[in-house]
Amino acid sequence: MIDNIEIYLCYENLNIYEVFTKLKNSGLYSELEFINHILSKRDISSDDYILNNKTIDCIDSIKTLDVQDKNNIKGFLSMLGKSDLNGQILNCRTYKEFFKRKLDDVEQSEKSKCKSTYTLISGLGIISIIVVI
């Protein structure tokens, strides 16, 4: 999502609501309810119109993310539409790098767990064979 936001800002020069409209219309982010919420609760008169209390509640209700990820999403959204184009692009790149590092850590952890599980199952299999013999 952050990659697409960066592309829309850089190359299509869209405003923030046009970006979220394109994200919604792509159909790729249907699990991220806060996108629909941002578009339906548009209030330009507010200084914090992208990240309001209802959007925060919507993000907090996502059960598949941990607290740190939710806070990072809120931090990312809080900076959109509040600075010049270069500042918004820098915000996208910063959070994109953070989430890539998080993904790498999770993948590494999963590989470690898989190796441990394989070792444990192999060991139990060998013990079972020894007991049978």
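As a reminder, the structure under discussion sits directly above these lines.
What comes next concerns the included structure. Computed from a predicted structure; not experimentally measured. (Residues numbered from 1 in each chain as written. Predicted model: local features only at pLDDT ≥ 70, side-chain atom pairs only at ≥ 80, totals over all residues. Heavy atoms only, no water.)

### Thoughts on a nonpolar patch on the surface
To keep it simple, the criterion reads: Each patch groups residues whose relative accessible area exceeds 30% and which form no salt bridge, using 9 Å between like charges and 5 Å between nonpolar side chains of Val, Leu, Ile, Met, Phe, Trp and Tyr. Computed with a 1.4 Å probe, the accessible areas rest on the Shrake-Rupley method; for each residue, only the protein chains presented here act as cover. When a carboxyl oxygen of Asp or Glu is within 4 Å of a side-chain nitrogen of Lys or Arg, the pair counts as a salt bridge. Secondary structure counts use DSSP, requiring at least four H or I residues in a row for a helix and at least two E residues in a row for a strand, with both numbered from the N terminus. Three labels apply to residues, based on accessible area from a 1.4 Å probe with only protein chains included: buried if under 20% of the type maximum, exposed if over 50%, partly exposed otherwise in between.
Side chains of Leu120, Leu124, Ile127 and Val131 sit close together on the surface and give an oily, nonpolar patch of about 430 Å² of accessible area. Position of Leu120 relative to the elements: it lies in helix 6 (residues 85-132). The class of Leu120 is exposed, set by a relative accessible area of 55%.

### Focus on the side chain of Lys70
Note the cut-off: Only four residue types enter the tally: Lys and Arg on the positive side, Asp and Glu on the negative side; His and the chain ends are excluded. We call two N or O atoms a polar contact when they sit within 3.5 Å, provided that within protein one can donate a hydrogen and the other can accept it, with sequence-adjacent residues counted only if both atoms are side-chain atoms. Any two residues whose heavy atoms approach within 4.5 Å are treated as being in contact.
Secondary-structure assignment places Lys70 in helix 5 (residues 67-79). The buried charged residue Lys70 lacks any salt bridge partner; its closest oppositely charged side chain belongs to Asp60, at an N-O distance of 5.4 Å. Polar side-chain contacts of Lys70 include one of 2.9 Å to the backbone oxygen of Asp60. Those residues in contact with Lys70 that lie beyond four places of it in its chain are Ile59, Asp60, Ile62 and Leu65.

### Digging into the environment of Lys74
Take Lys74: it is sitting in helix 5. Residue class for Lys74 comes out buried when judged on its relative accessible area of 14%. Separated by 18 residues in sequence, Lys74 and Cys92 place their C-alpha atoms 13 Å apart.

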